[in-house]
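# Results of the structural survey
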Amino acid sequence: MDDTENICLACGLCCDGTLIGHVQLKKQETPVLNQLMDLEGDPDNGFFLHPCQKYCNGCTIYQNRPFQCKSFECGLLKSVEQGKTDFSSALRSISKLKQKRKNVEKSMEVWGINLKSNSFYFQMVELEKHLRKESSHSTVKAKTLKSQLKELNLFVGKSFGVFFY
Ligand code: SF4
Ligand code: SF4
């Protein structure tokens, strides 16, 4: 097993809903995936939402995973493949993101912000809209969350090539 496979096994942030909110299926993939998990949409436009039901410290349907899963490579993975980032630095970026996610989740819990989405990715999309609309922009709560979200968005953009907004 090479470093790139190890990185993904240690990470899982694109399966657990942190960096991606849903997986869009190709029409021909729907019948097989429909046997394996609960899908949304219809036979011509099937998809599933994250956190993925089939993620459990790795993909439990690896041989049947959809094209989007097979083909997705985040910026960190590409950087490791190209030899620009070594294995230890990549692991540090993954840990940092997990910590930043925890910090934002903790702030939302403390301040009683309940969002509708299940995945962290769509929650961050929602949170950004929520903070933009909030009338009390100057409260400590709004300022802290805005700053945490901005920092998180910049970090995932720079390290993983993904932006929430
Ligand atoms: S976010 Fe990147 S490194 Fe992590 S599992 Fe997905 S592709 Fe691999
Ligand atoms: S099907 Fe497998 S690879 Fe795709 S999101 Fe789910 S756990 Fe990840």
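### Notes on the site of ligand 1
In the vicinity of ligand 1, the contacting residues are I7, C8, C11, G12, C14, L19, C74 and L77. Broken down by element, the residue count for the shell around ligand 1 peaks at three residues, all from helix α1 (residues 3-11). Of the residues belonging to the shell around ligand 1, the class tally is seven nonpolar, one polar and no charged.

### So, the pattern of salt bridges
Going through the model one piece at a time under the given rule, you end up with four salt bridges. The salt bridge involving R101 is made with D16; its shortest N-O contact spans 3.1 Å. Of this pair, R101 sits in helix α5 (residues 87-110) while D16 sits in the loop between α1 and β1 (22-24), placing them 85 residues apart in sequence. Since its relative accessible area comes to 21%, D16 is described here as partly exposed. In this structure, E151 engages K100 in a salt bridge whose closest nitrogen and oxygen atoms are separated by 2.5 Å. In this pair, E151 sits in helix α7 (residues 140-160) while K100 sits in helix α5, placing the two residues 51 residues apart along the sequence. A residue is classified by how much of its surface remains accessible, and E151, at 44% relative accessible area, is partly exposed.

### Brief notes about the packing of helix α6 (residues 120-133) against α7
For the pair α6 and α7, interaxial distance at closest approach is 11 Å and the crossing angle is 135 degrees. In terms of axis orientation, α6 runs oblique to α7. Read as a crossing pair, α6 and α7 show a hand that is left-handed. Residue-level contacts link F120, M124, L127, E128 and L131 of α6 to A142, L145, K146, L149 and L152 of α7. Here the contact of α6 with α7 is built from residues that sort into eight nonpolar, no polar and two charged.

### Quick look at the sheet that holds strand β3 (residues 45-49)
Here we have three strands laid out as an open sheet, ordered β1-β3-β2, and antiparallel in their pairing. Each of the sheet's edge strands pairs with one partner strand only, and the pair in question is β1 and β2 (40-42). Pairs of neighbouring strands in the sheet enclose a mean axial angle of 10 degrees, with direction left out of account.

### Points about the confidence of the model for the chain
On average, residues of the chain carry a pLDDT of 94, and 96% of them reach 70 or more. Taken element by element, the chain is modelled with least confidence in α1, mean pLDDT 86, and with most confidence in β1, mean pLDDT 98.

### Some remarks on the pairing of β3
Taking every second residue as pointing to the same face, the buried face of β3 carries G46 and F48, while none of N45, F47 and L49 on the other face is buried. Pairing geometry for β1 and β3, over three bridges, is antiparallel. From the neighbouring strand, Q24 faces β3, where its bridge partner is F47. By the bridge criterion, three bridges tie β2 to β3 in an arrangement that is antiparallel. Looking at β3, one finds that D42 is bridged to N45.

### Some remarks on the nonpolar core
With 29 residues, the main nonpolar core has L97, V104, M108, M124, L127 and F160 as its most contacted residues. At the level of elements, α1, α4 (75-81), α5, α6 and α7 are the ones that each hand at least two residues to this core. Tallying contributions element by element places α7 first for this core, with seven residues. Beyond its immediate chain neighbours, meaning those up to four positions away, L127 contacts V104, M108, I113, L115, L145 and L149.

Rules used in this analysis
- Residues numbered from 1 in each chain as written.
- Chains lettered and ligands numbered in written order.
- Predicted model: local features only at pLDDT ≥ 70, side-chain atom pairs only at ≥ 80, totals over all residues.
- Heavy atoms only, no water.
- Near = heavy atom within 4 Å.
- Helix = DSSP H or I, 4+ residues; strand = E, 2+ residues; numbered from the N terminus.
- Nonpolar A, V, L, I, M, F, W, Y, C, P; charged D, E, K, R; others polar.
- Salt bridge = Lys/Arg side-chain N within 4 Å of Asp/Glu carboxyl O.
- Buried < 20%, exposed > 50% of the residue type's maximum accessible area, 1.4 Å probe, protein only.
- Axes fitted to C-alpha atoms, helices over the stretch in contact; angles between N-to-C directions.
- Parallel < 35°, antiparallel > 145°, perpendicular 65-115°, else oblique.
- Left-handed = near helix turned anticlockwise from the far one by under 90°.
- Contact = heavy atoms within 4.5 Å.
- Pairing = 2+ DSSP bridges.
- pLDDT = per-residue confidence, 0-100.
- Core = buried A, V, L, I, M, F, W, Y, C linked by side-chain atoms within 4.5 Å.

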